[in-house]
Structures are given as C-alpha cells and as structure tokens.
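# Understanding the architecture of this molecule
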Amino acid sequence: MYLSAPDVGPLERDYLLRAFDSGWIAPAGPDLTAFESDIAAITGWPGAVALSSGTAALHLALLGCGVGPGDDVLVSTFTFAASANAINYCGANPVFVDSDATSWNMSAALLAEAIDRGRRAGRLPKAAVVVDLYGQTADYDAIAPLLAEHGIALIEDAAEALGATYKDRPAGALGDVGVFSFNGNKIMTTSGGGVFVSPDADAADRVRYLATQARQPAVHYEHTDIGFNYRLSNLLAALGRAQLERLPQMSKRRLEINQQYRDVLSDVDGLTFMPVPEWSGWNGWLTCVVLDDTTTRDAIVAALDAADIESRPLWKPMHLQPVFAGAPVVEDGTSQDLFEHGLCLPSGSILSESDVARVADIVASTVRSRP
Ligand SMILES: *Cc1c(COP(=O)(O)O)cnc(C)c1O
C-alpha cells in the first residue's frame, strides 16, 4: 500500500484516448489550452501555464520575479527539496526560514527576523518561496505584508495544496504568483506536470515563451533569451482535465480517510494530528501525525513496512540536508522537532475503508505495545 498512489479510472482513460484520437499528440493542442483555463478558473487569475513539472514552474516563477545569480531568496526550510533546488537553478542562494507550530508552514515572526537580517546586511532578499505543506496554506495575512513592505516578491509553492483555501481564498492565488504540481503522488496527477499561475496575463505569456525555448515569432526561430523545454504535452493535459473534474471528490475522500484515522487514533496516548487552524481549508492531501516518542515513530514505520505499507517521516528540513549545509537559516527547532517525531500515513483517495482500518490498527497496536 502506497502513501499517495494515483487515482485514475475510466474518465481519465476516456479523456486521454480522445486526445490521442484527435491527433493533437504534441506539443500543444486544445486540451492544453482548456486545462490552463480550468486551472485559471480555480485561482480566479487570468494567467495559467501548464509545464512539465512543479519544479519547472518554480524555476520560471523565480526567473519571472527577476531572481538571478547572487540574489538571496527566502524559502520555507520545512519542505520538499524542489522548493530550494529551483532557487539554485537561478544561481541564487536560499535563505531558510523555519515553521510555526500552528500550521507547520513558514513562521511570520521568523520571516520578519530573516528580512531584518538581510536589511541590516544590505542584502534584501529578492523573493520568497512560501510553501503550503501537506495541503494546508501558510498564514498569508501575516506573511504577505512583511514581504510587500520591502518589495520582496511572494511565490506561493502550492505544489501540494491544489483545492485548499485560506479564509475562503484559493491556494495558488495567495501570493504574487503561484505554482502547482501534478506529480504522481500529489492530490491529482498528470503522471508528471505542473502549472504556473499569475494575476498578470502578460507575465504568464512571458513564462509560456520561456518554457517553449524562447522562440521569437520568426520562421527561422530568432532567439534573444535563453529558453527552456518545459511545456506540458497535450496528452497529459487531457489526463489533467479529467483529474480536475474529479478533484473535489478526491479531496473529499482524503478528508474522509483523515476522519477515519482520527476516529481510531484520537485517544492513543502520545499521538497527535497535524493542526488545522480555523483559517485553513485543508485539502486532505496527506494525513500526518506526531508521536511524542521518536523510537515509537520509528517502530510504527517498521511495523507498517513489515506489512508492505508505505509510511514516511515528515520532510527533513532543508537546513539539515547535507546539500544545503552552510546556507543561512532562521530557525527555532520547530521543523527539526517535527522531522524527528512526525509521520505521514497512507492517504491516497483510492484507499478503501478496510485499507485505512488496517493501517490505523497497526499504528494503534504498535504504540500500545511500547513499554
Ligand atoms: C512535489 C513538490 C514540488 C515539485 O513538484 P514536481 O512536479 O514533483 O516537480 C515542489 N514543492 C513541493 C512543496 C512539492 O511537494
């Protein structure tokens, strides 16, 4: 049993084969255009560019915000490596910021401290990549004004948060620009893909141009910029359109799975669930728990593994990753503590009630068998 397996069926098959039969195989086509308008409709913004991955979307979002060699870019330390890697692709330097305990996302207080440090050193960061972890948004009303005050661009890494909300505003549209991922383990998938979103249609066109090898409109392919081959194919966009139709249903199923875990595990001693603040409309992506005792957490991982069930500790913070050793960080131990005690449980929308019951049972009995 996997943590978050793709959930595809007859609708996806139908859309994919229709695109195939239409002859629009690659690169662009009507499904790509329609998929982009569907995503744009979710954000309420006019600009959406479908790309080969969420990482590619982050890379172009950073370039679009003018990030270049030698710049500093603030980024959540508690995240998947792609958030920080994209900063390095631009020749820029990540400056890591720790989480708060209420949402597990970037702490506004520590962000203020990081900005202040940069200001005093005469190195104001150019942009900030704020991550919506595990399908839950960060506290944008606290974070956005701190960045706006210093003209620092806010890139929302909503790779895990499609369909989530912040005070009824849609994830992805909470910063200056946003990105989503459709990797195989996300809440919906195109088997691999991502999208860049923007309130500025011209900025989106610029990203679309960079993503298609920066070809100027001339028959001989005139080039005035370094481009990328980052576009999503029409076939995969067709798959994405079917997934988008089913997104509300898939998110609902993940939330039901979370409720089932809560029903069984809420009274287990030393185990708590990821907090969901009242402003957060969580999409249910992954059910995450925290164990008071690290060795109990490790025992659960081992017991699930023995039953062929995938589970995974919470993200290892980037400031603790060897590849980012020495990078500046403003931290207070929150994400390190979550990494040492936290666990993601199987949460895919294809899981049945008996699958979830089996996982919950192993978790509960492992905790209870501990001395
Ligand atoms: C998955 C993910 C990405 C990268 O998306 P890909 O489509 O896999 O390239 C970026 N940031 C976060 C937080 C992610 O979870």
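Calculation notes
Residues numbered from 1 in each chain as written. Predicted model: local features only at pLDDT ≥ 70, side-chain atom pairs only at ≥ 80, totals over all residues. Heavy atoms only, no water. Pairing = 2+ DSSP bridges. Helix = DSSP H or I, 4+ residues; strand = E, 2+ residues; numbered from the N terminus. Contact = heavy atoms within 4.5 Å. Axes fitted to C-alpha atoms, helices over the stretch in contact; angles between N-to-C directions. Left-handed = near helix turned anticlockwise from the far one by under 90°. Nonpolar A, V, L, I, M, F, W, Y, C, P; charged D, E, K, R; others polar. Domains from an automatic or database assignment. Buried area = accessible area lost by both parts, 1.4 Å probe. Polar contact = N/O pair within 3.5 Å; in protein donor to acceptor, adjacent residues only side chain to side chain. Near = heavy atom within 4 Å. Areas by Shrake-Rupley, 256 points an atom, 1.4 Å probe, with all protein chains shown as cover. Buried < 20%, exposed > 50% of the residue type's maximum accessible area, 1.4 Å probe, protein only. Right-handed = clockwise from strand over helix to strand, strands pointing away. Core = buried A, V, L, I, M, F, W, Y, C linked by side-chain atoms within 4.5 Å. Phe/Tyr/Trp six-rings, centres within 6.5 Å; stacked < 30°, edge-to-face > 60°. Patch = residues over 30% accessible without salt bridge, like charges linked within 9 Å, V, L, I, M, F, W, Y side chains within 5 Å. Salt bridge = Lys/Arg side-chain N within 4 Å of Asp/Glu carboxyl O. Expected span 1.5 Å × (residues − 1). Arc of directions from axis to C-beta.

The next thing to look at is the sheet that holds strand β1 (residues 47-51). Judged by pairing direction, the sheet is mixed, and its 8 strands sit side by side in the order β1-β9-β8-β5-β4-β2-β3-β14 without closing on themselves. The open sheet terminates on both sides in strands that have one partner only, identified here as β1 and β14 (329-330). Bridge count for β1 against strand β9 (residues 194-198) is 5 bridges, and the pairing is antiparallel. In the sheet register, Ala50 faces β9, and the bridge partner there is Val195. Helix α2 (residues 30-43) contacts β1, β8 (177-181) and β9 of the sheet and is inclined by roughly 130 degrees relative to β1.

Okay, the packing of helix α8 (residues 234-265) against helix α11 (residues 353-368) next. Their axes nearest at 10 Å, the elements α8 and α11 cross at an angle of 35 degrees. In the packing of α8 onto α11, the handedness of the crossing is right-handed. Note on element contacts: α11 touches α8 through Glu353, Val356, Ala357, Val359, Ala360, Val363 and Ala364, opposite Arg253, Ile257, Gln260, Tyr261, Val264 and Leu265. Broken down by class, the residue content of the contact of α8 with α11 amounts to 10 nonpolar, 1 polar and 2 charged.

This part takes up the domain arrangement of the protein chain. Accessible area lost upon the coming together of the parts is a frequently used measure of interface size. Taken domain by domain, the protein chain comprises domain 1 (10-244) and domain 2 (247-369). Its C-alpha centre places domain 1 at a distance of 25 Å from the equivalent point of domain 2. Here domain 1 meets domain 2 over a buried area of about 3,500 Å², counting both sides, of which 65% is carbon and sulfur. Interface area lost by domain 1 to domain 2 is led by Trp104, Tyr134 and Ile187, which between them contribute 24%. At the surface where domain 1 touches domain 2, the tally comes to 23 residue pairs in polar contact (both at pLDDT 80 or more). Of all the secondary-structure elements, those providing two or more residues to the side of domain 1 that touches domain 2 are α4 (82-89), β3 (93-97), α5 (108-120), β6 (165-166) and α8. For the side of domain 1 that touches domain 2, the residue count by class is 22 nonpolar, 14 polar and 8 charged.

Take the sheet that holds strand β11 (residues 280-281) next. Within the open sheet, the 3 strands sit side by side as β7-β6-β11. Their pairing is antiparallel. Because the sheet does not close on itself, it has two edges, and the strands there are β7 (169-170) and β11.

The immediate surroundings of the ligand are formed by 15 residues, with Gly54, Thr55, Glu160, Ser181 and Lys186 found nearest. In the model, an oxygen atom of the ligand is placed 2.5 Å from a nitrogen or oxygen of the Glu160 side chain. The side chain of Ser181 places a nitrogen or oxygen atom 2.7 Å from an oxygen atom of the ligand. Calculation on the ligand without its partners gives an accessible area of 380 Å², and the protein chains cover 94% of this total. Looking at the shell around the ligand, the elements with two or more residues in it are α3 (54-64) and α4.

Next up on the list: the side chain of Ser181. Take Ser181: it is sitting in strand β8. Among the polar contacts made by the side chain of Ser181, one reaches the main-chain amide nitrogen of Asn183 at a distance of 3.1 Å. At 3.4 Å, the side chain of Ser181 forms a polar contact with the side chain of Lys186.

We now examine the pairing of strand β2 (residues 72-76). Here β2 lies mainly inside the structure; 5 of its 5 residues are buried. With 5 bridges joining them, β2 and β3 adopt parallel strand pairing. What sits directly across from Val73, in β3, is Pro94. Following the backbone out of β2, through α4 and into the adjacent parallel β3, one traces a crossover that is right-handed.

Of all hydrophobic cores here, the largest spans 40 residues; its most connected members are Phe35, Ile39, Trp104 and Tyr134. At the level of secondary structure, the elements contributing two or more residues to this core comprise α2, β1, β9, α8 and β12 (287-291). For this core, the two domains that each supply at least three residues are domain 1 (10-244) and domain 2 (247-369). With residues up to four places along the chain from it excluded, the contact list for Tyr134 reads Phe78, Trp104, Glu160, Met274, Trp282, Asn283, Trp285, Leu286, Cys288, Leu314, Trp315 and Cys344.

This part takes up the packing of aromatic side chains. Enumeration according to the criterion identifies 11 aromatic pairs in this entry. Plain terms: the ring middles of Trp104 and Tyr134 are 6.4 Å apart, the flat faces sit at 80 degrees to each other, and that makes the pair edge-to-face. Placement of the pair is Trp104 in the loop between β3 and α5 and Tyr134 in the loop between β4 (127-131) and α6 (140-149), with a sequence separation of 30 residues. Overall, the relative accessible area of 1% leaves Tyr134 in the buried class.

Once that is clear, we can look at a nonpolar patch on the surface. A cluster of nonpolar side chains, contributed by Leu17, Phe20 and Ile25, occupies part of the molecular surface with about 260 Å² of accessible area. Within the element layout of this structure, Leu17 appears in helix α1 (residues 10-22).

Note that Ala238 resides in helix α8. For the pair Ala238 and Leu111, spaced 127 residues apart in the sequence, the C-alpha separation amounts to 39 Å. Those residues within four positions of Ala238 in sequence are excluded, and the remaining contacts are Tyr15, Leu16, Ala19 and Asp31.

Here α1 is 13 residues long and its end C-alpha atoms lie 18 Å apart, about the 18 Å a rise of 1.5 Å per residue gives. Glu12, Tyr15 and Ala19 are the residues of α1 that are buried. What you see down the axis of α1 is that its buried residues fit within an arc of 70 degrees, all on one side. Turned more than 90 degrees from where α1 packs its buried face, Pro10, Arg13 and Asp21 sit exposed. Those residues of α1 that are buried are in contact with α2 and α8. Where α1 ends, the next residue or the one after it, Gly23, has phi of about 90 degrees, a positive value.

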